[in-house]
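Structural overview for review
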Amino acid sequence: QHYYITNNLSMAPIFDGNLRHFSEKPGGLKVDDFYGDTVANYFISHAHTDHFEGLKKFQDILKDRSNDSVIYCTKETGELIMSRVGYKREILSNKFRYKAVGERFSLSQKDGVSDTTVVFAIANHIPGAVMMLFKDKHYKTLYTGDFRFESYERSEVTNEMKSFLENTTDIDFLYLDITCLDLLGERKGDKNKFPCKRIILEEIADMVSTLTENLDSSERSNDEDECNSEDRSDSEGFDSEGSGVGGPDSYENVHVDCSALGWQEVAKHLADQFDSSLGICPKDPKKKLHQCIVELLSGDVKIETPHKSFVHISNGADCKYCTDRTIRIKPSLKWLFYDMEGYSYKQSTWIREKDPVEEPGFFNVLYSLHSSHYELQQFMKLLNLSRKAEIYPICRSLGKNIEGMSNNEVRSKTKELFKKW
C-alpha cells in the first residue's frame, strides 16, 4: 500500500516515515511521510516535496473535524508548503504546530500520556529545514533530514551545528541523509570535498562580473543611481579565458534556474551584489513559492518582471526572457556525480560551461545543499556514536553504479562503511 510498485530500484522509497520505537508508541508518529494509516503526530523536516509525500491527498482526511492529527514543523517550512499549488492554507494552517530551533516540546498522544520530547536543530539546507532529536526514558533518535554540515566553514550556523552535535550523546538510532556518500569508494583523491556555499556564491558573482564587464553599473542595477557593489572583475576567482566561453563579448543579464527550492539563494546573492531587483515571470507556476523563499532569506530584494531586472529566475533552465546574451546558471549537484572527470577540490572547477559551442553562456554550478562525503565523516566524528547504535539511510546516494542496487543493498553497504569509520 505504501507509495507504488516499481521495477526501477533507484525509485523505490528507502524510508517509509517510521522511526524505530517512537512510531510504535500509542498514537503513532511519522516523519516526512503521509502515506499509510493515520497517526497522531506528523513531522516535516523541510519544504522539499519528497519530504512531505502524500500530504496533498492527506488534506482530505485532515479537514475532517474528527481528525485530531497534528503536524510539527518550523514556521518557514509551513509557509513554503502553503505557497505551493494545491496545498490549502485553510486546512493546513489549523494542523501545523510551529516549533522553533532549540525549542524542546512534548508530543500529544491519543491516550493523553506522553514521555517523548523533541527538539529541532538547524540543518543548513533550505530556510526552515531542521534536524530532529527524539527522546524518552528508553531511547534517543536523531533524524537529520537533508542537511549540510560545512565543517571547515567558520560561521554562526556551523558553530551552532557543532555545539548541538557535541551535546548530543548516546544516540540509539540515527536516520541519516547520505545523498553525497561515496558508498562504493569510487571517488579518489579530493573528489569527495565540496566548497562551502559562501565560496561558491562569491565565485558566481566573480564570473558574472567578468562576463558583464562591458555593462555600466546602471545597466546591471536597472537604476539611475551608481551601483554600490564592489567591482570584482579583476578578482582571482572566475577566469573567462580559461572557461572556453564561446558566447558574445559581453552578456547583458543573468538567469538562475530555480526549479529546486533553495537555488533562489544564488539569485538573491547576485541581486544583492549587483544592486538589482529580482525578476520573476508573472505566469511562472511557482511564482508564490519563489517570492516566499526570497522573503525568508535575509535582506530586501525588490520583485519585478524579468525584463526590468538584471537577475531573473524561473522554474527551469531557460525561459522566454533569456536571449543569446543571457548568462544561464544551474546551481545543481547531480551533474558532478555523473561527470567526475577533471573535478578537483584544489582547483576551481566548480563552475563549468556546459557546451561553449552549442550552449554558450550556460553554466553548471556546484552548489550543494547536502553534506559532502568528507563532511559526513566530520559529522560522524562529532556525533561519536557507540558500536550499538543503528544507522538507517533516509535516501539513496547519488552515483551511476548505485542506481541498480536494491534498498537492502544500500542499507547494508551504508552500515559496512560506517563501521569502518
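Predicted model, so just to flag it, every value in this text is computed and none were measured.

**Thoughts on helix H1 (residues 55-62)**
Within H1 the residues assigned to the buried category are Leu-55, Phe-58, Gln-59 and Leu-62. For H1, the buried positions fall inside an angular range of 125° around the axis, keeping them on one side. Close packing links the buried residues of H1 with strand E2 (41-43), strand E3 (70-73), helix H2 (75-82) and helix H3 (89-95).

**Considering the sheet that holds strand E13 (residues 311-314)**
The mixed open sheet is built from seven strands, whose spatial order is E12-E11-E13-E10-E14-E16-E15. Strand pairing shows two members of the sheet lacking a second neighbour, strand E12 (303-304) and strand E15 (351-355), which therefore form its edges. Lying over the sheet, helix H8 (residues 264-273) contacts strand E10 (253-257), strand E11 (278-280), E13 and strand E14 (326-330), oriented at roughly 165° with respect to E13. Packing of helix H9 (residues 287-296) onto the sheet brings it into contact with E11, E12 and E13, and relative to E11 it is tilted by some 160°.

**Brief notes about the packing of helix H5 (residues 197-211) against H8**
Contact geometry for H5 and H8: axes closest at 10 Å, N-to-C directions at 55°. It follows that H5 is oblique to H8 by the angle criterion. Seen along the crossing, H5 lies across H8 with a hand that is right-handed. Taking contact as the criterion, the partners of Leu-201, Glu-202, Ile-204, Ala-205 and Val-208 in H5 are, on H8, Glu-265, Val-266, His-269, Leu-270 and Gln-273. Across the contact of H5 with H8, the residue classes break down as six nonpolar, two polar and two charged.

**Quick word on the sheet that holds E3**
An order of E1-E2-E3-E4 is seen for the four strands of this open sheet, with the pairing classed as parallel. Pairing within the sheet leaves two strands with one partner each, and these edge strands are strand E1 (29-31) and strand E4 (96-98). For this sheet the average axis-to-axis angle between neighbouring strands, irrespective of direction, equals 25°. Here three bridges tie E2 to E3, and the two strands are oriented parallel to one another. Within the sheet, the bridge partner assigned to Phe-43 lies in E3 and is Tyr-72. Each of E3 and E4 is contacted by H2, which is oriented at about 145° to E4, the strand it contacts most.

**Some remarks on the pattern of salt bridges**
Using the criterion set out here, one finds 16 salt bridges in the structure. A salt bridge links Lys-25 to Asp-136, with the nearest nitrogen and oxygen atoms 3.0 Å apart. You can see Lys-25 sitting in the segment before E1 and its partner Asp-136 sitting in the loop between strand E7 (130-135) and strand E8 (140-143), a full 111 residues away along the chain. Here Lys-25 falls in the buried class, since its relative accessible area comes to 13%.

**Quick word on the nonpolar core**
Of all hydrophobic cores here, the largest spans 117 residues; its most connected members are Phe-43, Leu-55, Phe-134, Val-208, Leu-270, Ile-329 and Phe-379. When residues of this core are assigned to their parent elements, the largest contribution, seven residues, is made by H5. Here Phe-379 is in contact with Met-131, Leu-142, Thr-144, Phe-147, Phe-149, Leu-165 and Leu-176, once residues within four sequence places are set aside.

**With respect to the environment of Leu-133**
Turning to its location among the elements, Leu-133 is positioned in strand E7. With a relative accessible area of 9%, Leu-133 lands in the buried category. Spatially, the C-alpha atom of Leu-133 lies 7.8 Å from that of Ala-121, the residues being twelve residues apart in sequence.

**Describing the packing of aromatic side chains**
The full count for this structure, using the stated rule, is 19 aromatic pairs. The interplanar angle of 80° and the centroid separation of 5.4 Å between the aromatic rings of Phe-52 and Tyr-87 together place this pair among those described as edge-to-face. Within this pair, whereas Phe-52 is found in the loop between E2 and H1, its partner Tyr-87 is found in the loop between H2 and H3, the two being separated by 35 residues in sequence. Each member of the pair, Phe-52 as well as Tyr-87, is classed as buried.

**What about the layout of surface pockets?**
Roughly 710 Å³ of internal volume is contained in the second largest pocket. Lining the second largest pocket are 29 residues; nearest its centre among them are Asn-124, Val-157, Lys-197, Glu-265 and Leu-297. Elements with a minimum of two residues in the lining of the second largest pocket: helix H4 (156-166), H5 and H8. By residue class, the composition of the lining of the second largest pocket is twelve nonpolar, eight polar and nine charged.

Criteria and thresholds
- Residues numbered from 1 in each chain as written.
- Predicted model: local features only at pLDDT ≥ 70, side-chain atom pairs only at ≥ 80, totals over all residues.
- Heavy atoms only, no water.
- Buried < 20%, exposed > 50% of the residue type's maximum accessible area, 1.4 Å probe, protein only.
- Helix = DSSP H or I, 4+ residues; strand = E, 2+ residues; numbered from the N terminus.
- Arc of directions from axis to C-beta.
- Contact = heavy atoms within 4.5 Å.
- Pairing = 2+ DSSP bridges.
- Axes fitted to C-alpha atoms, helices over the stretch in contact; angles between N-to-C directions.
- Parallel < 35°, antiparallel > 145°, perpendicular 65-115°, else oblique.
- Left-handed = near helix turned anticlockwise from the far one by under 90°.
- Nonpolar A, V, L, I, M, F, W, Y, C, P; charged D, E, K, R; others polar.
- Salt bridge = Lys/Arg side-chain N within 4 Å of Asp/Glu carboxyl O.
- Core = buried A, V, L, I, M, F, W, Y, C linked by side-chain atoms within 4.5 Å.
- Phe/Tyr/Trp six-rings, centres within 6.5 Å; stacked < 30°, edge-to-face > 60°.
- 1 Å grid on protein atoms, 1.4 Å probe; cavity = no way out; pocket = protein on both sides within 12 Å on 5 of 7 lines; lining within 4 Å.
- Points joined across faces, edges and corners; volume = space filled by probe spheres on them.

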